[in-house]
Amino acid sequence: MASSLTWLDYSERDRRRALEVIDLFRETGTVDELGLAGVRNSYSDLFFPGTSTIQTRACYFLLVPWTFQRLERLGKRSNEATVWARNEELGLNRLLRAGADTAGVFGIQAGDALKRLPSEVYWGGLRSWGIGMFPGHKWAYFRSLDGFYRRRDQFRNTPHDPEGRSAPPANWHPHIPDPPHGFPKENISVALRWEDADYLRDRIQARHPESLLALLAGRANEVDLNANRPWELIHLADSPVLRDQLLDAQFFAVCMQGAALLYNLMLSELRQRDDWIERYRSKLEVWADDVEALRPALENWELDGVWRVVTDHGRSPSYPTRDFVESWVEHLKGDGPRAIVADDSKSRTLVRDRETLRKRGRARLTNPRYLELWGGDSGSGQMAYRWGSAKRILKDIFDGLARGEGDAGNA
């Protein structure tokens, strides 16, 4: 029987946590075997707020609100809104799949059997960027519609307020660009018009002005979208705080990748797979070179800034997590990465104890049954803090801005 994750009702925070768990399985090479997702997600939210690993194109930040604004104009009731909205989203995706550029379009494989609609993937981002103004998840929004229409009608029947002290109820930002002519049947594309791109850039900078995403959105001509990691763009950061955060994120990602690679090597040894052993030994050698290049800077590096970011984002690190990370980093700073490559017992004990503490009887290093199910790679990739998704969205915005005002094209 297939396992599933089910909930009847939940808060927005609970929903975000649950989707983070689901998204772990969508991001190749970053499954959270050693319990470091809290740090990774905190830096991801800090640098690229409103994004997620399964967002694909910037156009959905507008296609979704346009669809739901239309739903409200048509007065769809709570009991019919779910089905109506799903059919509309599927219709939009059919048009997108028929377009010239289908990269990142939802439902390429699943078609109309798509289970997770764009509105579910982008709902949190729409709220984060201030485009969606409803204070809850999508299902609560559907349930609220009947009451929303009553409040809207009451406002319309209220005598004019000359002082402007009241405003009509609204679920969407008032300055969302109008959809292209013919929406939702014609002129549907993943490409942004100039006014669309300008609006999204404005929303990012207005809601998250201190973020790396806002900085990059305003520096289209200087951003190298071929960068592999966000800290490769540190030269663009004007703020000393942001520079320090990028350095902390880089040091954490580089240092802790060694623990993940060692974990995979230990599993490969237990499985007696020479090809896997050779692969991870080779990767550890490359990792050791990366650490050696950073070692002068690592000598005085402290983890206080990392724990501060995690705590500020509502993910207070547990004592076992802090102890594991701090012990690993201190060992790395003291004995160097070559000791880990040379199979020293201390680093192996740290990794084994960490997995056993987290998983108990399900730990692969101690349970032959779970070891046998291992496929050869678990979380060995270096953290990129959602940079892959963010740069795809930034590219769409930059391409839209490059079209120029008055040369909009179709959204």
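Visitor: So what exactly am I meant to see when it comes to the overall build of the chain here?
Guide: The helix and strand inventory of the chain stands at 16 helices and zero strands. For the chain, with 411 residues in total, the buried portion stands at 53%. Within the chain, contacts between residues separated by at least 24 positions form 74% of all contacts whose residues are at least 6 apart in sequence. On the chain, roughly 19800 Å² of surface is accessible, and the fraction owed to carbon and sulfur atoms is 49%.

Visitor: Whenever I open this one, the environment of D32 confuses me. Can you help?
Guide: Relative to the helices and strands, D32 resides in the loop between α1 (12-24) and α2 (37-47). Looking at D32, the relative accessible area reads 17%, which means it is buried. The spatial distance from the C-alpha of D32 to the C-alpha of S380 is 9.5 Å, given a sequence separation of 348 residues. A polar atom in the side chain of D32 sits 3.1 Å from the backbone nitrogen of A37.

Visitor: Looking at this model, I keep getting lost on helix α11 (residues 304-312). Mind explaining?
Guide: It helps to recall that an α-helix has 3.6 residues per turn; residues three or four apart then point in one direction. Buried within α11 are the following residues: G305, V306, W307, V309 and V310. The elements touched by buried residues of α11 are α2, α9 (240-271) and α12 (319-335). Positive backbone phi, at 75°, marks G314, one or two positions downstream of α11.

Visitor: Hey, could you run me through the packing of aromatic side chains in this one?
Guide: Centre-to-centre distance and the angle between the planes together describe a pair of aromatic rings. Tallied over the entire structure, the rule returns 25 aromatic pairs. With a centroid separation of 4.9 Å and an interplanar angle of 85°, the aromatic rings of F61 and Y122 are classed as edge-to-face. In this pair, F61 is assigned in helix α3 (residues 60-73) and Y122 in helix α5 (residues 118-128), connecting sequence segments 61 residues apart. Taken together, a centroid distance of 5.6 Å and an interplanar angle of 70° make the contact between F68 and W123 edge-to-face. Here W123 lies in helix α5 and F68 lies in helix α3, a separation of 55 residues in the sequence. We classify F68 as buried; its relative accessible area is 0%.

Visitor: For this particular structure, what's the right way to read the packing of α12 against helix α14 (residues 345-359)?
Guide: Between two packed helices, both the angle of their axes relative to each other and the distance between the axes serve to describe the pair. Two numbers describe how α12 lies on α14: the axes approach to 11 Å, and their chain directions differ by 165°. Classified by the angle their axes make, α12 and α14 are roughly antiparallel. For the pair α12 and α14, the crossing hand works out as left-handed. Between α12, through P320, T321, F324, S327, W328 and H331, and α14, the contact on the second element is made entirely by K346, S347, L350, V351, R354 and L357. For the contact of α12 with α14, a count of residues per class yields six nonpolar, four polar and two charged.

Visitor: Is there a simple way to explain the nonpolar core in this structure?
Guide: Soluble, globular proteins show a tendency: their nonpolar side chains are buried together. In terms of nonpolar packing, the biggest core is built from 117 residues, with F47, L200, F252, W287, W328 and I397 touching the most fellow members. Of all the elements, α9 adds the most residues to this core, at 16 residues. Ignoring anything within four residues of it in the chain, the contact list for W287 reads V254, C255, Q257, G258, L261, W328, L332, P337 and I340.

Visitor: Explanation requested: helix α16 (residues 387-403) in the structure shown.
Guide: Relative to the 24 Å expected for 17 residues at 1.5 Å per residue, α16 spans 24 Å between its end C-alpha atoms, a close match to the ideal helical length. Those residues of α16 not exposed but buried are W387, S389, A390, I393, L394, D396, I397, F398, G400 and L401. Close packing links the buried residues of α16 with α3, α7 (194-207) and α8 (212-217). One or two steps after α16, the chain reaches G404, where phi turns positive at roughly 85°.

Visitor: Sorry if this is basic, but what is going on with the pattern of salt bridges here?
Guide: Side-chain pairing between opposite charges can occur once the charged atoms of the two side chains come close. This structure, assessed with the given rule, holds 32 salt bridges. One salt bridge connects R315 with D45, and the closest N-O pair in it is separated by 2.9 Å. Residue R315 is located in the loop between α11 and α12, and its partner D45 is located in helix α2; the two are separated by 270 residues in the primary sequence. Per residue, the accessibility class of R315 equals that of D45, and both read buried. Here the salt bridges do not stand alone but share partners, grouping E33, E355, K359 and R364 into one network.

Procedures and definitions
- Residues numbered from 1 in each chain as written.
- Predicted model: local features only at pLDDT ≥ 70, side-chain atom pairs only at ≥ 80, totals over all residues.
- Heavy atoms only, no water.
- Helix = DSSP H or I, 4+ residues; strand = E, 2+ residues; numbered from the N terminus.
- Buried < 20%, exposed > 50% of the residue type's maximum accessible area, 1.4 Å probe, protein only.
- Contact = heavy atoms within 4.5 Å.
- Areas by Shrake-Rupley, 256 points an atom, 1.4 Å probe, with all protein chains shown as cover.
- Polar contact = N/O pair within 3.5 Å; in protein donor to acceptor, adjacent residues only side chain to side chain.
- Phe/Tyr/Trp six-rings, centres within 6.5 Å; stacked < 30°, edge-to-face > 60°.
- Axes fitted to C-alpha atoms, helices over the stretch in contact; angles between N-to-C directions.
- Parallel < 35°, antiparallel > 145°, perpendicular 65-115°, else oblique.
- Left-handed = near helix turned anticlockwise from the far one by under 90°.
- Nonpolar A, V, L, I, M, F, W, Y, C, P; charged D, E, K, R; others polar.
- Core = buried A, V, L, I, M, F, W, Y, C linked by side-chain atoms within 4.5 Å.
- Expected span 1.5 Å × (residues − 1).
- Salt bridge = Lys/Arg side-chain N within 4 Å of Asp/Glu carboxyl O.

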